[in-house]
Amino acid sequence: MAFTAASAAAARADFPALARHMNGTPLAWFDAPGGTQVPQAVIDAVSRVYRDCNVNLGGLFDTSREAGEVVAAARAAAADFLGAASPAQISFGANMTTLNFALARALGRRLQVGDEIIVTALDHEANRGPWLSLAERGAVILEARLKSDGTLDLDHLASLVGPRTAIIAAGIASNALGTVTPFAPIRELAQAYDALTIVDAVHHAAHLPLDFEALGCDFLLCSAYKFYGPHVGVLCSRAGLLDTLEPDRLSVQHQAAPHRIETGTPNFAALAGVTAAIDYLAAFGAGADRRERVLDAMQSLADYEHGLAVQYATGLDALPDLMRHGPPLDTWPRAPTVSFARARGVAPLAAALGAQGFQVWHGHFYARRVVESLGLADQGGLLRVGFALYNTPQEVDRLLDALRTVIADGL
Ligand SMILES: Cc1ncc(COP(=O)(O)O)c(C=O)c1O
């Protein structure tokens, strides 16, 4: 099913936050890579838990069983969303970063001194920091370079892989540049040396279809607040793998996957929201089951959001002194995230836009090494615009007009 500007205009009514105004003008939410707004269906699902059933798991009473069903439903929904063969491969945590630290601690326990971990300069710190921390345990950390066109230098990565490689941690879509990194070459390199692969799919999951089993990684992480849900981190593990690890956990908790890496009481309300967000997305697609509908929906949304990114980038290219970074817009696949820098810095532009209700991010967005590698740290990094299903071509025109005016005013 095609998702069009008319679909986006209609979907906007589902998101209460989009009704917010500033000085009589609707806020323009171009901050999707930092987090999306949530539809009413998600808000309802979250509040239903607090209203009806805010109890813990394992009791011999109905509401406790209902809490168990909320968790099970969220695992099933996330498995459909990510293309995992079984809901038992899905674990939840506070957010992606926290889950990735838990995973790193668990994997760190089986590393030998001198084992090598490869991270990338294109990644968000959330898929670097947890692995860098294993240097304390004697791991050797190697970093694959970023090319000036905003893509990962896969040849350089290949040159780093060898018999001591234990882990390759790589993102498949950049939250700073929109670059999509093909995973197959990384998987092949890892498999050649029996290394484990950790995929950051936070930015990818929000914008493009995902197929965990086809990807063939060992662990994949994402975060529901980037795809219209609440703040919950999701870890998808290759079947059986989590059971071989020693994560931090209590002796009294469930020891088997997917619980093995989940500590404490789950956020039931947020998990209900995860299911609702995935069901919300799936409703934009066609198919015999939720997995098919999710795939169809994500493909249509990707096409739509890409069109907005092209429109915006084309407009940007007519403005003076801006340097767009990241892969060209005719690259596919590509995430709908467009960033530029300029010698005079981008913060004044971000502030001027923010004062007019345009929500755009600037800086490094925790993709610190991207900004450093591109030599933009002294200029204050990038100004980033990201698109979600509720953005419209009219909003993009408004943003370009506003940029044109503030630049013409000498900012
Ligand atoms: C690409 C990417 N990876 C990881 C993260 C971290 O996710 P979380 O906030 O759930 O820890 C983010 C958040 O911005 C991100 O954009």
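On a predicted model such as this, the values are computed, not experimentally measured, just so you know.

The rules behind these values
- In this convention, every chain numbers its residues from 1, walking through the sequence in written order.
- Per-residue local features are limited, in this predicted model, to residues with pLDDT of at least 70; the limit for side-chain atom pairs, both in listing and counting, is 80 or more; totals at the level of whole chains, interfaces and linings are taken over all residues.
- Only hydrogens and water are removed before side-chain values are computed, so all heavy atoms of the structure are retained for them.
- The nearness test applies per residue and asks whether one of its heavy atoms lies within 4 Å of the molecule or strand.
- Each accessible area is a Shrake-Rupley result for a 1.4 Å probe, and residues are judged covered by the shown protein chains and nothing else.
- Any residue outside Ala, Val, Leu, Ile, Met, Phe, Trp, Tyr, Cys, Pro, Asp, Glu, Lys and Arg is labelled polar, Gly included; the first ten of those are nonpolar and the last four are charged.
- Think of it this way: any DSSP run of H or I at least four residues long counts as a helix, any run of E at least two long counts as a strand, and we number them from the N terminus.
- Two N or O atoms form a polar contact when they lie within 3.5 Å of each other; inside protein one atom must be a possible hydrogen donor and the other a possible acceptor, and for residues adjacent in sequence the pair counts only when both atoms belong to side chains.
- Here, expected helix span is obtained from the residue count minus one, scaled by 1.5 Å.
- These domain limits were set by an automatic method or by a database of domain assignments.
- Note on contacts: a residue pair qualifies if any of its non-hydrogen atoms lie within 4.5 Å across the two residues.
- Buried area: the accessible area, evaluated with a 1.4 Å probe, that two parts lose upon being put together, summed over both parts.
- By definition, a salt bridge exists where a carboxyl oxygen of Asp or Glu is found within 4 Å of a side-chain nitrogen of Lys or Arg.
- Axis angles are defined between N-to-C directions and span 0 to 180 degrees, where every axis is a line fitted to C-alpha atoms and, for a helix, only to the segment in contact.
- An angle below 35 degrees is treated as roughly parallel, one above 145 as roughly antiparallel, one from 65 to 115 as roughly perpendicular, and anything else as oblique.
- Definition used in this section: a nonpolar core is a set of buried Ala, Val, Leu, Ile, Met, Phe, Trp, Tyr and Cys residues joined via side-chain atoms within 4.5 Å.
- A simple rule labels every residue: compare its accessible area, found with a 1.4 Å probe on the protein chains alone, to the largest value its type can have, and call it buried under 20%, exposed over 50%, or partly exposed in between.
- Working rule for handedness: look at the near helix, and if it is turned counterclockwise from the far one by less than a right angle, call the crossing left-handed; if clockwise, right-handed.
- In short, DSSP must find at least two bridges between two strands for them to pair.

**Q** Could you clarify how one ought to interpret the site of the ligand in this entry?
**A** Inspection of the region around the ligand gives N95, M96, T97, H124, A126, N175, D200, V202, S223, Y225 and K226 as its neighbouring residues. Burial of the ligand by the surrounding chains reaches 90%, relative to a free accessible area of 390 Å². Tallied by class, the residues present in the shell around the ligand amount to four nonpolar, five polar and two charged.

**Q** Looking at this structure, how should I read the side chain of R128?
**A** Here R128 lies in the loop between β5 (116–120) and α5 (129–132). Looking at R128, its side chain comes within polar contact range of the side chain of E143, at 2.9 Å.

**Q** For this particular structure, what's the right way to read helix α3 (residues 62–82)?
**A** Note on helix geometry: an α-helix contains 3.6 residues per turn, so any two residues three or four positions apart are oriented the same way. Taking 1.5 Å of rise per residue, 21 residues should cover 30 Å, and α3 covers 30 Å from first to last C-alpha, within 8% of that figure. Phi turns positive one or two residues past the end of α3, at G83, with a value near 80°.

**Q** Explain the domain arrangement of the protein chain here, please?
**A** It is common to give the size of an interface as the accessible area lost on bringing the parts into contact. Considered domain by domain, the protein chain is made up of domain 1 (5–38 + 291–406) and domain 2 (43–282). Between the C-alpha centres of domain 1 and domain 2 there is a distance of 25 Å. Counting residues at the interface gives 45 residues for domain 1 and 40 residues for domain 2. Roughly 3400 Å² is buried in total at the junction of domain 1 and domain 2, and carbon and sulfur atoms are behind 62% of that figure. Inspection of the domain 1/domain 2 interface yields one salt bridge. The shortest N-O distance in the salt bridge between R369 and E143 comes to 2.7 Å. Our count for the domain 1 to domain 2 interface comes out at 18 residue pairs in polar contact (both at pLDDT 80 or more). Broken down by element, the residue count for the side of domain 1 that touches domain 2 peaks at 10 residues, all from helix α11 (residues 290–317).

**Q** How should the packing of helix α10 (residues 268–282) against α11 be read in this particular structure?
**A** In a pair of packed helices, the angle between the axes and the distance between the axes together describe the arrangement. Contact geometry of α10 with α11 gives a least axis separation of 7 Å together with a crossing angle of 70°. When the axes of α10 and α11 are compared, the pair comes out roughly perpendicular. Together, T275, I278, D279, L281 and A282 of α10 and R290, R293, V294, A297, M298 and L301 of α11 make up the contact between the two elements. Considering only residue class, the contact of α10 with α11 consists of seven nonpolar, one polar and three charged.

**Q** Would you take a moment to explain the nonpolar core for this structure?
**A** Of all hydrophobic cores here, the largest spans 116 residues; its most connected members are L220, Y312, L383 and L389. At 12 residues, the largest contribution of residues to this core is made by α10. When residues no more than four places from it in sequence are discounted, the contact partners of L383 are Y312, V338, S339, F340, V346, L349, A350, L353, V360, W361 and H362. Grouped together as the second largest cluster of nonpolar side chains are 27 residues, V119, L134, L235 and L241 included.

**Q** Help me understand the packing of α3 against α10, please; the structure alone is not making it clear to me.
**A** The N-to-C vectors of α3 and α10 enclose an angle of 40°; their axes lie 8 Å apart at closest approach. The two elements α3 and α10 cross, and the hand of that crossing is left-handed. Residues A67, V70, V71, A73, A74, A77, A78 and F81 of α3 form the contact with α10, whose participating residues are F268, L271, A272, T275, I278 and L281. Looking at side-chain class alone, the contact of α3 with α10 contains 13 nonpolar, one polar and no charged residues.

**Q** Honestly, the sheet that holds strand β12 (residues 337–341) in this entry has me stumped. Any pointers?
**A** The strand order across the open sheet formed by four strands is β11-β12-β15-β14, and the pairing between neighbours is antiparallel. Where the open sheet ends on each side, the last strands, each with one partner, are β11 (323–325) and β14 (361–363). Between one strand axis and the next, the sheet turns by 30° as a mean value, whatever way the strands run. In terms of strand pairing, β12 meets strand β15 (residues 382–386) through four bridges, oriented antiparallel. Its bridge partner being in β15, T337 is matched across the sheet by G386. Packing of helix α12 (residues 347–355) onto the sheet brings it into contact with β12, β14 and β15, and relative to β15 it is tilted by some 40°.

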